[in-house]
Amino acid sequence: MSNETNLKSMNDLVALCKSRGFIFQSSEVYGGLNSCYDMGPYGVELKNNLKARWWKSMTFRPDVVGIDASILMHPTVWKASGHVDGFSDPLVDCKACKERYRADKIDIKQPCPKCGAKDSFTDIRQFNLMFKTQMGAMEDTASMVYLRPETAQGIFVNFLNVQTTMRKKLPFGIAQIGKAFRNEITPGNFIFRMREFEQMEMQYFIKPGTQKEAMEQWKEARWKWHLDNGIRAEKLKWYKQEELAHYADAAFDIEYEFPFGWGEIEGIHSRTDFDLKQHEEFSGKNLHYVDQVNNNEKYIPYVLETSVGADRGLLMVLCDAYRVENAGDKDNERTVMKFHPSLAPIKVAVLPLMKKPELEECANKVLFDLMQNYRCEYDVSGTIGKRYRRQDEIGTPFCVTIDYDSLTDHSVTVRNRDTMVQERISMNKLESYLKDKLKF
Ligand code: ATP
């Protein structure tokens, strides 16, 4: 649509997320907790839909199974993975204004970006991003555990459990969705960088030497997944990491163009045999795979990882869906969240034209039928125009309006969110009409 504009500023999205019940600041009544957020009623539906689509795309295939590992793990896991010694960001403070920066995100030879002071930065210090907590009653170092900073290690330490119980042959993958915690130095940009967030990770175990083809296969699959969710291709790009993490021999990120610039959404990393080797060494347990197809050859598999943030993915979905039509035209301006119908938190809104018993009775019947298949919402308060606008901002693909004619002609008006076209549909054809449009 020519009179349609995209999201320009994060403030507009933050305001809509709050006013429409998608996302709230954590502990808001106490002034909020920095970089922690709560999903509201529509936010949780949207995020659940995104996670369900990821889970389906991963586990509805013969070579991937899921697990759900615990957040607290044996502390040696994080020694073996390299997180205790190496999971840190370089930190500098401006001595003049006290602003804190990640030294790898600014040029420390330049003046402070906030106050403009010259030569004001402290020496670079390494800051470990893992949260520590105590397990059990004794507050000594022996009972110290970490909140996991990534979900991947829960998969690695379960590699043999899954492989043997599921009788899996290489290549196969293990998928997991779960919370991760990082004490980020510079959180921000709403839910882009949080201290508590959710990851959707899949580790694909492969024969050493096949990592290049696995990389190609998963790069293609993961790119397509984002497009299938309705994300516009021109807003996505690949970024090849030149400076690789110690465990990787190749790494690509999918980036999205947010209003504040390009940001990483998903990492696709070739992690070699680093993690399993480390766990073998630190645990003293044999984690070799016996390749029955190749003369019982024994080796440690290589790993191809895909890792996408559920919350960062959600932020991308919200930014991409946000449109303003006829901006500045007081009577015709509307904000509409053009979610892919599969992600929309509410699929159908049922709206009696007026608050009259006979219309509400009829509308309730329609609602009851639709609720068997779709998440629906019923709204009777306010003018019909206002109710349509509200559903537009929630991103509801269809509104079904019941008016006085409905009582005699047994038809309803179905309004399309994106085109605003209204069609008169017979009540007994409504279900098949929507089924066709909400097929995914
Ligand atoms: P960044 O460079 O942005 O810190 P990263 O490279 O450390 O991210 P990974 O460790 O590869 O991120 O994590 C995989 C995915 O988890 C990221 O692509 C992102 O979607 C998500 N993620 C990582 N850190 C955060 C965070 N602090 N808040 C929200 N999502 C995050």
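As a reminder, the structure under discussion sits directly above these lines.
A. A look at the sheet that holds strand β19 (residues 334–337). Spatially, β1-β18-β19 is the arrangement adopted by the 3 strands of the open sheet, whose pairing is antiparallel. One side of each edge strand has no neighbouring strand; the edge strands of this open sheet are β1 (4–6) and β19. Direction aside, neighbouring strands of the sheet carry axes that sit 30 degrees apart on average. Pairing geometry for strand β18 (residues 322–325) and β19, over 4 bridges, is antiparallel. The partner of Val324 across the bridge, within β19, is Thr335.

B. Region of interest: the nonpolar core. Formed by 56 residues in total, the largest nonpolar core has its most connected members in Leu13, Phe22, Trp54, Leu315, Leu318 and Phe339. Top element by residues in this core is helix α9 (residues 310–321). It accounts for 8 residues. By size, the runner-up hydrophobic cluster in this structure holds 20 residues, among which are Leu359, Leu367, Leu430 and Leu434.

C. Inspection of the packing of aromatic side chains at higher detail. Under the counting rule described, the total for this entry stands at 19 aromatic pairs. With a centroid separation of 5.6 Å and an interplanar angle of 35 degrees, the aromatic rings of Phe172 and Phe205 are classed as tilted. Taken together, the residues span a long stretch of sequence, with Phe172 in strand β10 (residues 172–181) and Phe205 in strand β11 (residues 196–206) at a distance of 33 residues. Relative accessible area serves as the criterion here: at 0%, Phe205 is assigned to the buried category. For the pair Phe258 and Phe260, a centre-to-centre distance of 5.0 Å together with 5 degrees between the ring planes defines the contact as stacked. Sitting above the plane of the Phe252 ring, Lys219 keeps its charged end 3.8 Å from the centroid. We note Arg271 situated over the ring of Tyr247; from NZ or CZ to the ring centre the distance is 4.1 Å.

D. Seen up close, the pairing of strand β14 (residues 261–272). Most of β14 is tucked away, with 9 of its 12 residues classed as buried. The pairing of strand β13 (residues 250–258) with β14 spans 9 bridges and is antiparallel. Bridge pairing in β14 places Glu255 opposite Glu264. The turn linking β13 back onto β14 is made up of 2 residues. In this structure, β14 lies alongside strand β17 (residues 302–309), joined through 6 bridges in antiparallel fashion. Paired with Ile268 across the bridge in β17 is Thr306.

E. Broad picture of unusual backbone geometry. Each neighbour pair has its own omega, and for Leu170 with Pro171 the value is -5 degrees, a cis peptide bond. With respect to the helices, strands and loops of the structure, Pro171 is situated in the loop between α6 (159–165) and β10. We note that Lys98 has phi near 70 degrees; this positive angle belongs to a residue other than glycine. When you line up the elements, Lys98 lands in the loop between β5 (88–93) and β6 (100–102). The exposure class of Lys98 is exposed, given its relative accessible area of 63%.

F. Representation of helix α10 (residues 357–371). Along its 15 residues, α10 runs 20 Å from first to last C-alpha, staying within 8% of the 21 Å computed at 1.5 Å per residue. By the burial criterion, the buried members of α10 are Leu359, Glu360, Cys362, Ala363, Val366, Leu367 and Leu370. Viewed along the axis of α10, the buried residues span an arc of 165 degrees, placing them on a single side of the element. Turned more than 90 degrees from where α10 packs its buried face, Pro357, Glu361, Lys365 and Phe368 sit exposed. Buried residues along α10 sit against β20 (348–352), β21 (376–378), β22 (398–402), α12 (404–409) and α13 (427–437).

Rules used in this analysis
- Residues numbered from 1 in each chain as written.
- Predicted model: local features only at pLDDT ≥ 70, side-chain atom pairs only at ≥ 80, totals over all residues.
- Heavy atoms only, no water.
- Pairing = 2+ DSSP bridges.
- Helix = DSSP H or I, 4+ residues; strand = E, 2+ residues; numbered from the N terminus.
- Axes fitted to C-alpha atoms, helices over the stretch in contact; angles between N-to-C directions.
- Core = buried A, V, L, I, M, F, W, Y, C linked by side-chain atoms within 4.5 Å.
- Buried < 20%, exposed > 50% of the residue type's maximum accessible area, 1.4 Å probe, protein only.
- Phe/Tyr/Trp six-rings, centres within 6.5 Å; stacked < 30°, edge-to-face > 60°.
- Lys NZ or Arg CZ within 6 Å of the ring centre and 35° of its normal.
- Expected span 1.5 Å × (residues − 1).
- Arc of directions from axis to C-beta.
- Contact = heavy atoms within 4.5 Å.

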